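# Breakdown of the fold
Next come the chains, spelled out residue by residue.
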Amino acid sequence: MENAEVLDRIKKNFPGAVVEESRFRGESWITVTKNHFLELMKFLHDDDLLRFDLLLDIAGTDYTPGSPRFELVYILFSMEDSRRIIIKLKVNEGEDIPSVTHIWKAADWPEREVFDLLGISFSGHPDLRRILTWDNFEGHPLRKDYPLLGKDFDEKFDPDTIEIV
Amino acid sequence: MAEAKTMTLNMGPHHPATHGVLRLVLELDGETIVKVTPHIGQLHRGIEKIAESMNYQQIIPLTDRLDYTAASLNNLGYCMTVEKLLGIDVPRRAQYVRVIMGELARIMGHHLWLGSHALDMGAMTVVFYTFRDREMIMNVNEELSGYRLTPSFLRVGGIARDITPDFVKYVREFVKWLPKALDGYHTLLTDNIIWRKRTMGVGTVSARDAVNYGMTGPSLRGSGVAYDVRKALPYSSYDDFDFQVPVGENGDVYDRYLVRMEEFKQSIRIIDQAIENLPDGPVKVDNPLVSNPETDEVMQDISALIRRFKIQCEGPAVPEGEVYHSIEGSKGELGFYLVGDGTSKPYRMKIRSPCFILTSALPKLLVGHMIADVISIIGSIDIVLGEIDR
């Protein structure tokens, strides 16, 4: 199957699901709507002709001040055809995204990472906790409004009281 | 009747067998594991966030610090992703040198895995032999770049400078030596009854589960799935070389061990072919927006001087767009997702770390086993915490 056929098959089974499609440097990028998202992902995994059995990664990007603010990227791979496609989903701030952990177990930690570093939450995730930062950490470091350096970085401090002078 | 109770045991983060700072909370029924909760993040340095404030060439040393046991492979994955975004092809000589360095790094990573895996399980001798041979690769790295563990020798658009005659000599010596050393490793472990008893039938995972859990690399191939990025989507002239992808059958610790042992041999075959057929030509792409001009040129030509100044200060000019590219790292599929916004700094860099996903599959591998098997199973999936925590 060619990449175009994959896209045709998606469009035929989910009319109206594909918002945008592009090819860049030999890779297919497909933006889908949130309404069809979960069924579409299930279809990509289960369908006999597509069989995207490996979920490689989930990456989120903060496009502030754009609207919707975030974009999620699901990188899928089909072992049978050695084909990679990339599914994109636009996410508003505070919006819940359905988890795909029941389709691919591999989604577990990447979803937790997106939740931790960007603050996008996933409904239906079995154990949505922070993963790279600690439990009572405040803020989401990969958001663009999060500073690169803390305010006490490189400041002089009094060794007895450990207070910044 | 006595109430059934489980005991909670905290393992790590400073346990020597967790290969860094991995903390596992094990729930035990007697000596059997009923639940595992891995806790990671103790080594989190925010590499993805730092990368957003650096230009594309400056990020290369950061990538060395991901999987520091096989540093050149991380350089390769990163540089190829930026080159994909730029839409440039690297000269063939540079591609071959990258392959040699990458495969040497893979062997280096496997050396560390074999030594520490056996050491964790009580077979102390192996680590002396693997570290003796790992030293030879470190010398190759030192000859080429001046650094032993983290060479940072690759650049966006090629390699830092052309190779030296001594490099070729050292690599040839190593290619000749390793098969003999490998026989030694096999003598110590492969038919050793203690080794077999501790690894066979332990940590078994079926091919279907392994794929669903996102396992890649030797850990997946141990379950019999012949997925290798070098074969599936060849990059950096890997389709020029003749090599095989070893697979296991049972998906247990022993099969993952055999797969990695065979990978030593295949890597040596690739290095041998690459060093003997090394093409002539430039080692940097001929693109004024990416590559530094040569020093002779800078000394004589004012425009070359300006170009060099601009590239050094601002970094290469990278177009807008987003790409994903992956290579076969020593632990599995190492991918980079890059978003460029037209400036010389990436808007977003996401690292697809094979160890991160492998560690998320640990509960699946561990539950039902004895507590002593934890050590052998962690060793068999070969994780490096620098890459998990990033």
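Residues numbered from 1 in each chain as written. Chains lettered and ligands numbered in written order. Predicted model: local features only at pLDDT ≥ 70, side-chain atom pairs only at ≥ 80, totals over all residues. Heavy atoms only, no water.

## Observations regarding the overall build of chain A
- The secondary structure content of chain A amounts to three helices and nine strands.
- In summary, chain A has a C-alpha radius of gyration of 19 Å against a globular reference of 15 Å for 165 residues, an excess of more than 25%.
- The dimensions of chain A, computed from C-alpha atoms along their principal axes, are 70 × 30 × 30 Å.
- For chain A, the residues scored as buried account for 48% of the 165 residues in total.
- Across chain A, the fraction of contacts at a sequence separation of at least 24, relative to all contacts at a separation of at least 6, is 48%. (Helix = DSSP H or I, 4+ residues; strand = E, 2+ residues; numbered from the N terminus. Rg over C-alpha atoms; globule rule 2.2 N^0.38 Å. Buried < 20%, exposed > 50% of the residue type's maximum accessible area, 1.4 Å probe, protein only. Contact = heavy atoms within 4.5 Å.)

## Some thoughts on the environment of Ile311(B)
- Following the sequence through the fold, Ile311(B) ends up in helix H13 (residues 302–314).
- For the pair Ile311(B) and Ser291(B), spaced 20 residues apart in sequence, the C-alpha to C-alpha distance is 7.7 Å.

## Considerations on the sheet that holds strand E3 (residues 54–62) of chain A
Residues and elements named next belong to chain A.
- Pairing within the open sheet is mixed, and its five strands lie in the order E1-E2-E5-E4-E3. Each of the sheet's edge strands pairs with one partner strand only, and the pair in question is strand E1 (18–24) and E3. The mean inter-strand angle of the sheet, taken between neighbouring strand axes irrespective of direction, is 20°.
- Sheet strands in contact with helix H2 (residues 34–46) are strand E2 (27–32), strand E4 (70–78) and strand E5 (83–91), and its direction is about 160° off that of E5.
- Running at roughly 10° to E3, helix H3 (residues 108–118) makes contact with E3 and E4 of the sheet. (Pairing = 2+ DSSP bridges. Axes fitted to C-alpha atoms, helices over the stretch in contact; angles between N-to-C directions.)

## As for the sheet that holds strand E1 (residues 7–11) of chain B
All names here are of chain B.
- Strand order in the open sheet formed by three strands is E1-E2-E3, with antiparallel pairing between adjacent strands. The open sheet terminates on both sides in strands that have one partner only, identified here as E1 and strand E3 (32–39). Each adjacent strand pair in this sheet contributes to an overall mean axis angle of 20°, direction not counted.
- In terms of strand pairing, strand E2 (residues 23–29) meets E3 through seven bridges, oriented antiparallel. Looking across to E3, one finds that Asp 29 is bridged to Thr 32.

## What to know about unusual backbone geometry
- Omega for the bond connecting Thr64(A) with Pro65(A) falls within 30 degrees of zero, at 5°, which places this linkage in the cis form.
- As for its placement among the helices and strands, Pro65(A) is situated in the loop between E3 and E4.
- Cis peptide bonds are those with omega within 30 degrees of zero, and the linkage from Ser67(A) to Pro68(A) qualifies with -5°.
- Unusually for a residue other than glycine, Ser152(B) sits at a positive phi of about 45°.
- When you line up the elements, Ser152(B) lands in the loop between helix H5 (125–145) and strand E4 (154–155).
- Here Ser236(B), not a glycine, exhibits a phi torsion of approximately 45°, which is positive.
- Take Ser236(B): it is sitting in the loop between helix H10 (229–232) and helix H11 (253–276).

## Some thoughts on a nonpolar patch on the surface
All names here are of chain B.
- On the surface, Leu 119, Met 124, Phe 128 and Tyr 129 cluster together into a nonpolar patch covering about 410 Å² of accessible area.
- As for its placement among the helices and strands, Phe 128 is situated in helix H5.
- Here Phe 128 falls in the exposed class, since its relative accessible area comes to 54%. (Patch = residues over 30% accessible without salt bridge, like charges linked within 9 Å, V, L, I, M, F, W, Y side chains within 5 Å. Areas by Shrake-Rupley, 256 points an atom, 1.4 Å probe, with all protein chains shown as cover. Salt bridge = Lys/Arg side-chain N within 4 Å of Asp/Glu carboxyl O.)

## Notes on the confidence of the model for chain B
- Model confidence for chain B is summarised by a mean pLDDT of 88, while 99% of its residues fall at 70 or above.
- Interface confidence for the predicted complex, given as ipTM, is 0.86, next to a pTM of 0.89. (pLDDT = per-residue confidence, 0-100.)

## Here's the deal with the pattern of salt bridges
- Enumeration according to the criterion identifies 46 salt bridges over all chains in this entry.
- Among the salt bridges present, the one from Arg390(B) reaches Glu113(A), with a minimum N-O distance of 3.0 Å. On the criterion of chain membership, the pair formed by Arg390(B) in the segment after helix H17 (385–389) and Glu113(A) in helix H3 is interchain, its members lying in two chains. Each member of the pair, Arg390(B) together with Glu113(A), is buried.
- In this structure, Glu142(B) engages Arg148(B) in a salt bridge whose closest nitrogen and oxygen atoms are separated by 2.9 Å.
- Taken together, the salt bridges that share partners define one network made up of Glu103(B), Arg106(B), Arg221(B), Asp228(B), Arg230(B), Glu263(B) and Glu328(B).

## Here's the deal with the interface of chain B and chain A
- Contact residues are listed per partner, giving 49 residues for chain B and 43 residues for chain A.
- Roughly 3,800 Å² of surface becomes buried between chain B and chain A when both sides are summed, with 61% attributable to carbon and sulfur atoms.
- The largest contributions to the chain B side of the interface with chain A come from Lys49(B), Asn212(B) and Tyr347(B), which together make up 18% of the buried area.
- On the surface where chain B and chain A come into contact, there are six salt bridges.
- Between Lys84(B) and Glu27(A) there is a salt bridge, with its nearest N and O atoms 2.6 Å apart. (Buried area = accessible area lost by both parts, 1.4 Å probe.)

## What to know about helix H6 (residues 165–189) of chain B
Residues and elements named next belong to chain B.
- In a regular helix each residue adds 1.5 Å, so 25 residues correspond to 36 Å; H6 covers 36 Å between its end C-alpha atoms and thus fits that length.
- Of all the bends in H6, the greatest, near 30°, is centred on Leu 178, and the proline Pro 179 appears no more than four residues after it.
- For H6, every residue scored as buried is listed here: Phe 167, Val 168, Val 171, Phe 174, Val 175, Leu 178, Ala 181, Leu 182, Tyr 185 and Leu 189.
- Contacts from the buried residues of H6 go to helix H4 (92–120), H5, helix H7 (193–199) and H11. (Expected span 1.5 Å × (residues − 1). Bend = angle between axes of the 7 residues up to and from the residue.)

## Points about the pairing of strand E8 (residues 346–352) of chain B
Residue and element names in this part refer to chain B.
- Across the seven residues of E8, seven count as buried, placing the element largely inside the fold.
- Sheet analysis places strand E7 (residues 333–341) next to E8, joined by six bridges and oriented antiparallel. Residue pairing in the sheet places Leu 338 in a bridge with Met 349 of E8.
- Where E7 folds back on E8, the antiparallel hairpin that results is connected by four residues, among which Gly 342 adopts a positive phi of roughly 90°.

## Observations regarding the packing of H6(B) against H11(B)
Residue and element names in this part refer to chain B.
- Packing of H6 against H11 leaves a shortest axis separation of 10 Å and a crossing angle of 160°. Accordingly, the angle class assigned to the pair H6 and H11 is roughly antiparallel. In the packing of H6 onto H11, the handedness of the crossing is left-handed. Note on element contacts: H11 touches H6 through Tyr 257, Met 261, Phe 264, Lys 265, Ile 268, Ile 271, Asp 272, Ile 275 and Glu 276, opposite Phe 167, Val 168, Val 171, Arg 172, Phe 174, Val 175, Leu 178, Leu 182, Tyr 185, His 186 and Leu 189.
- Here the contact of H6 with H11 is composed, by residue class, of 15 nonpolar, one polar and four charged. (Parallel < 35°, antiparallel > 145°, perpendicular 65-115°, else oblique. Left-handed = near helix turned anticlockwise from the far one by under 90°. Nonpolar A, V, L, I, M, F, W, Y, C, P; charged D, E, K, R; others polar.)

## With respect to the nonpolar core
- Ranked by size, the top nonpolar core spans 169 residues in total, and within it Met41(A), Leu72(A), Tyr74(A), Leu24(B) and Tyr78(B) carry the most contacts.
- Here this core takes 13 residues from H4(B), the largest share from any one element. (Core = buried A, V, L, I, M, F, W, Y, C linked by side-chain atoms within 4.5 Å.)

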